[in-house]
Amino acid sequence: MMGRLTRAEWTALTCILLAVAVTRLISIYCFYLYDDAFITFRYTANLVQGNGFVYTIGQRVQGTTCPLWALALGIPHSLGLSLELSSRVLGLLFELAVAATVYFALIREKLQRAALIGGFLFAVDLYLAKVSVSGMESSLLLLGTAGATALAVRGRSMSAAAIAALCVFLRPEALLFAVALTGYLWYEDRRLPVKPLLLGAAIILAGVAVQTWYFGDLIPQSVRGKMALPRSDSMLFSVALFPYKNPLQALMTVTALLSVRVAWRVSRFARIYMLWALLLVLSWALTGAHLWMWYCIPVFFAKALLTGIGAAEYFKSTALSRMLNPLLLLGVTVLLWSGLAMAVGPDRMEKNVYSRIRRWSAEQDFGQNGAHPKAYGMDFGAFGFYTGLPVIDEPGLVYPPSLSRYHTDPVAMLLGEQPEWAFVTCYDGNIAMMRSGELARMYAPLIRFSIDGDTTISPDLKDVSPIWKPDFILYRKLPGGS
């Protein structure tokens, strides 16, 4: 297929890949690694160092929902590359592979305009670009599902089923992708795809069996922690469908809905993603799940795909088709994202938070006098990764008693465990908690790590944000505090 592309199609693909590379490289410059990525990094680091696939040495708790990503990161890390850098490089490479996979799939379906428009939407969207280099597993998940989809529409259902099953170990909700894939195969062949279904089920069950044997628990602790979060119905609209900070994504929700009919008719590739996106949205609506941006990447991607197909059909019969010049679109992309780079500037999280945690940690002797101090954490990923301390985490992702014994009550955890350190996310409710009652007599603020560079640690800590932001206070237990 690659050899049968026309010169115009090769030019379009090259421009799309350059646009993806530009936006992802600028994202690396501007945007930070997500805190959750560091949880997975610590699993990878412990595995490579021979300590087992664990967060805290000696405690087999599955606190990562993406074990396959953690294992993939182990390859470059075992060669001496830092997890921070290798996760971003792999994210960039996987994004290029996703763009190429989708482009070739749509070209096979004679959807050249859709391949061009969808490819550039994938390249320029802020959230798709930002998450791709955040250290998370999202890009590998997209590549796996795009690859499985491309194989399925070409009739290679067994290979598609195997890859879809493996994707479950990148994100649990990829199980819904496997359901969508099965539904597609059933719809196309008018019979249940028994062999692919059995192969996929066998791979998933084998992986679950290994996880259960190693960790001693059928359900990952990270899943238990996230299931314990309170219901949040509004996040479906404010994060997945109409994010107010991303007008393009909000617009693509509308254009994707308008494009469903034509996309279903002309693209078998789009059918599978439509089914998966629908299942995801329905599951989030029914469960009121807490959503973070990287959870929504498959839906964001599906919206770009559907919009590309719908817009191509519209442009086909209008004078606007002359605007679909790949070199022009590449130039606009570079111009827009260069302006973004100048407006946002370099990654402040690395400068003001992560690097300062590393420096502070390097100055400590956590194991002095044979002691093994523990730390309490809310957003604990980077702090736990750079310090290596055993962590009592509020959401209960890596420390099961947070759920079973303390029911995610931070006051009860701090009073019950009395850790040496408390890494507290700095917003008014948390600061009020640390200033009151027994905690005020037990802990004192030591250092502040804020994305804004604010280092204020006065005892009252007034005028802190009423909502979450990357701003953290490290407290230390006072001598004699108990």
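Refer to the preceding data block for the structure.
A short tour of the structure in this document, coming up. Note that the structure is predicted; figures quoted are calculated from it, not measured.

Criteria and cut-off values
Residues numbered from 1 in each chain as written. Predicted model: local features only at pLDDT ≥ 70, side-chain atom pairs only at ≥ 80, totals over all residues. Heavy atoms only, no water. Buried < 20%, exposed > 50% of the residue type's maximum accessible area, 1.4 Å probe, protein only. Helix = DSSP H or I, 4+ residues; strand = E, 2+ residues; numbered from the N terminus. Pairing = 2+ DSSP bridges. Salt bridge = Lys/Arg side-chain N within 4 Å of Asp/Glu carboxyl O. Contact = heavy atoms within 4.5 Å. Patch = residues over 30% accessible without salt bridge, like charges linked within 9 Å, V, L, I, M, F, W, Y side chains within 5 Å. Areas by Shrake-Rupley, 256 points an atom, 1.4 Å probe, with all protein chains shown as cover. Lys, Arg positive; Asp, Glu negative; His and termini not counted. Charge placed at Lys NZ, Arg CZ, Asp CG, Glu CD. Axes fitted to C-alpha atoms, helices over the stretch in contact; angles between N-to-C directions.

Overview of the pairing of strand β5 (residues 471-477)
Where burial is concerned, most of β5 is hidden: 6 out of the 7 residues are buried. Where strand β4 (residues 443-450) lies against β5, 7 bridges are found, and the strand directions are antiparallel. Counted as the bridge partner of I447 is L474 from β5.

Examining the pattern of salt bridges
Throughout the structure, instances matching the rule amount to 14 salt bridges. A salt bridge links R271 to E188, with the shortest nitrogen-to-oxygen separation between them at 2.5 Å. Taken together, the residues span a long stretch of sequence, with R271 in helix α14 (residues 268-287) and E188 in helix α9 (residues 174-189) at a distance of 83 residues. Taking the relative accessible area as the measure of exposure, R271 reaches 12% and is therefore buried.

Concerning the environment of A250
Along the chain, A250 falls in helix α13 (residues 247-266). Accessibility expressed as a relative area gives 18% for A250, which makes it buried. Along the backbone, A250 and T387 are 137 residues apart, and their C-alpha atoms lie at a distance of 39 Å. Not counting the four nearest positions on each side in its chain, A250 is found in contact with L241, F242 and P243.

Re a positive patch on the surface
Together, R4, R108, K110, R154 and R156 make up a positively charged patch on the protein surface. Mapped onto the secondary structure, R4 falls in the segment before α1 (7-30).

As for the sheet that holds strand β3 (residues 421-425)
Ordered by their spatial adjacency, 5 strands build an open sheet running β2-β1-β3-β5-β4, and the pairing between neighbours is mixed. At either margin of the open sheet sits one strand with a lone partner, and together these are β2 (391-393) and β4. Within the sheet, the average angular offset between the axes of one strand and its neighbour, ignoring direction, is 20 degrees. Both strand β1 (residues 375-377) and β2 contribute to a ladder of 3 bridges, which runs parallel. Pairing of A375 across the sheet is with V391, part of β2.

These results come straight from atomic positions and should not be treated as a statement about function.
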